Amino acid sequence: SDKKTMMQADDAAFGQPQPPAPPAPIASQPIPPNDPSLFTEENLLPYSLYDVVLDLPYPGSSSTAPIEVIYPPNDVGYGTVDIIPSDQLHSEFGPEDGAGGQGAAKIARFTFPEYEDRANAQEASQRQAFLSRFPPGEYNGPSLNRHDAYLEEVSSPPTVNANNLGVGLSASGGGAPNNNATDGNNIPSKSLPSHHVFSHRLANGTIIHGHVRRYLPYHSQAGGRRDVGRRGLRALVLLTRNAGGADRLYSAILKSLEVLTLQSEALSQNVNAKGDTVTNASSGLAYRRWFLHTAFQEHVNLCRVVGASMEGGVTGQLTKPRILTLSLVEVGRGHGLFGAVDTMKLAVPPFLVHGREPSGNEASASVAGLSRNDMLPMLRCLGAAKTMRLLSALMSEKRVILTSANVSKLSAVAYGAVAMTGQGLLPPPPVFVPVLAPGLASLLQTPSAYLVGVLTGTTPNFINLRSIVPTVGEVVIFDLDNAGNEPYFVGIVDPLRAVPDFTRRSFDDDSRVSLPDVLYQDLTEVMKLDKKMLFWQGAVQEKLGMVADKSKTAAKAAMKKGLKYLKGKSSKKTDGREVEEDDDLEEEVVEQSDNSTSKLVGKGNYSYEAGFSNAVAEVEARIAFAVFFVSIFGDLRAYLTQQTPGAPPTVDKEKFMKYRAANGDVPGTQMFAIMSNFLRSSLFDQFVEARMKEVQMRRVVQEDAPLFSLTTNFHRSNKIDFYVNNVRNTVRQIATNPNLPGR
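Nothing here was measured: the structure is a model prediction, and the numbers come from that model. (Residues numbered from 1 in each chain as written. Predicted model: local features only at pLDDT ≥ 70, side-chain atom pairs only at ≥ 80, totals over all residues. Heavy atoms only, no water.)

### What about the packing of helix 15 (residues 615-633) against helix 16 (residues 653-662)?
Where helix 15 contacts helix 16, the two axes come as close as 9 Å, and the packing angle between them is 120°. Considering the angle they form, helix 15 stands oblique to helix 16. Contacts between helix 15 and helix 16 involve S631, I632 and F633 on the former and, on the latter, F656, Y659 and R660. In terms of residue class, the contact of helix 15 with helix 16 is made up of four nonpolar, one polar and one charged. (Axes fitted to C-alpha atoms, helices over the stretch in contact; angles between N-to-C directions. Helix = DSSP H or I, 4+ residues; strand = E, 2+ residues; numbered from the N terminus. Parallel < 35°, antiparallel > 145°, perpendicular 65-115°, else oblique. Contact = heavy atoms within 4.5 Å. Nonpolar A, V, L, I, M, F, W, Y, C, P; charged D, E, K, R; others polar.)

Now the structure itself:
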């Protein structure tokens, strides 16, 4: 019969003989906890606003400016926020007035991933050999190298063709360009402003996420002139254990810190003053330390207020962001008259001011945080179809490499990918490196599943995937700079079986609408909504630039006509028309070309808009993925079975496959293939383990929990079936409710 054939196909998929039929689940019996101590676990303290802030110079630049380290204030926030012990931080990064320690050197590799020690060691040795030809102290040339740049070189948009930097699998590995070139705008990673995020594990085992903002400091001998002289880049790095959802907050803090840094350099020659007197921005490092310490203290105060309100039973504390206010940031302390106008306000997400839920699994503890990252950068780069293929690769526990010539895009898509799986509370791969430093290229040989971002380029500094990939083994590569290319399946014999394609239909498939069809349609609508928002933004910019474009075109036309009049070319005719009419045609072409750039804003540049956030489309993307995951494994009864009354539940994979088959995921469909891969993976085991612990702990779902938790809790509490239509209505109702943001 068809049922028997389906059962045999299930057994063949798992490579096991047919197991005996499990006993019927006893749903009416309560499931007691295995460990009574689980009831006594309290919420963990919220993480501190930041753990450490670094100001790092470019590793290969000629500048001798020191590394600056700013720690949280002493004896502030203990018992209110979770703070890494100061002795551990000092052992990692050294004292504040020191050289930064070994930890700062490691952070610098992720901050500047285009720099590679071995490739630049030869350049340094050549430099030393050149200087040795001169007697000591008699060389008067500039002590500069290719890592130093002018302001206009790093502030202009990159002119390099991203197609020439792509994956590197088909490009020739030889022919390194001139290493002495100083065109900083030819390297997308050096274009400012630049912001990216990386993940790193400290020596004590703590996983931190580094928010990086690069800037170009003043020249040490320019006397306050920022547009004079070549010098090396620097970067402000904010390290935090918060996994996601606060990118805008940290971006605002780093941007303000950069302004204070440049202001202090412009107002004072002693930009690295270590004095204790803090009066205004000209105090240098001391004033920047005061700014960060004040923000840290205000965050602690917010956590105290929210904690006291929650203990008092006040509801609605987790639905809206809190405002963190800083006064006298620009003019400095001692100018109280300006306190009413010199005010800086930062919106702090709700999850940063209340306690964290306890979890014995490190991966599960970070899932909620990672799920709060934005997913639109991923959708803009890959599109709906390739985004679903990336989801298939991650659910199949494959090794995935993302490549791009832009470090901001690379980290944004990597964090968007783990946010996508986080909508289903699936933990990230065992190895998650959004931006891989060149010195850690051997990490690609790791046999376990991973998601690694590799910065590509044409110089020897970058990782050459063409020479590494053949020795890596099975790996899936997504080229973010060439959205039209299909993923590269290296070493994979049958890509459709190893990484099933959600959008592919079998010939004998019926006409019913499957979950992948629903997800694809929802993602398509999300991208249309995002494109519409970008179009209106581009339309406003286009109208603002029309007057300037017309005046520029008129000036060009008048100048050309004047020159032709002087040269006596105004009387020549061709085919009965004067050349001046052709000039008018030429000016029309020029005008059209000038306007084409502004018209592309929101249209041709849709594949990736680095600085544009779309909160409305982001919510729709979360709804789409939440509906997909909740419909698959939101019902605990689909894969948990209680063998005897009063016994803890056990995992039943055969029951889950029958449940999915009843919903249309029969053998021969792509969903059946992806579910077979998913059930074999450790990803499924970790997911079930986390859900079983949630059942045993019986904790109340917080108001700002992920949509998956809010939806499943609503269905279980109201005894609603997990059909697609029911799930869709519930997810949208929760996500659009201002009192239940679900983030």
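What follows picks up the thread again.
### Focus: the pairing of strand 12 (residues 450-455)
Of all the six residues making up strand 12, six are buried; the element is thus mostly covered by neighbouring parts of the structure. Alternating residues of strand 12 divide into Y450, V452 and V454 and L451, G453 and L455, and every residue in both groups is buried. For strand 10 (residues 400-404) and strand 12, the ladder comprises five bridges, and the chain directions are parallel. Note on strand 12: the bridge partner recorded for I401 is V452. Pairing of strand 11 (residues 431-433) with strand 12 involves three bridges; the strand directions are parallel. What sits directly across from F432, in strand 12, is L451. (Buried < 20%, exposed > 50% of the residue type's maximum accessible area, 1.4 Å probe, protein only. Pairing = 2+ DSSP bridges.)

### Overview of the packing of aromatic side chains
With the rule as written, the count across this model stands at 18 aromatic pairs. Seen from their ring centres, F633 and F708 are 6.0 Å apart, and the 45° between their planes marks the pair as tilted. In this pair, F633 sits in helix 15 while F708 sits in helix 19 (residues 707-718), placing the two residues 75 residues apart along the sequence. Among the residues examined, F633 registers a relative accessible area of 0% and is labelled buried. Each ring, one from F656 and one from F684, has its centre 6.0 Å from the other, and the planes form 40°; the classification is tilted. (Phe/Tyr/Trp six-rings, centres within 6.5 Å; stacked < 30°, edge-to-face > 60°.)

### What about the sheet that holds strand 5 (residues 207-215)?
Spatially, 2-1-7-5-4 is the arrangement adopted by the five strands of the open sheet, whose pairing is antiparallel. Each having just a single partner strand, strand 2 (68-70) and strand 4 (194-201) make up the two edges of the open sheet. Strand-to-strand, the axes of this sheet are offset by a mean angle of 20°, without reference to chain direction. Where strand 5 meets strand 7 (residues 234-240), seven bridges bridge the pair, whose relative direction is antiparallel.

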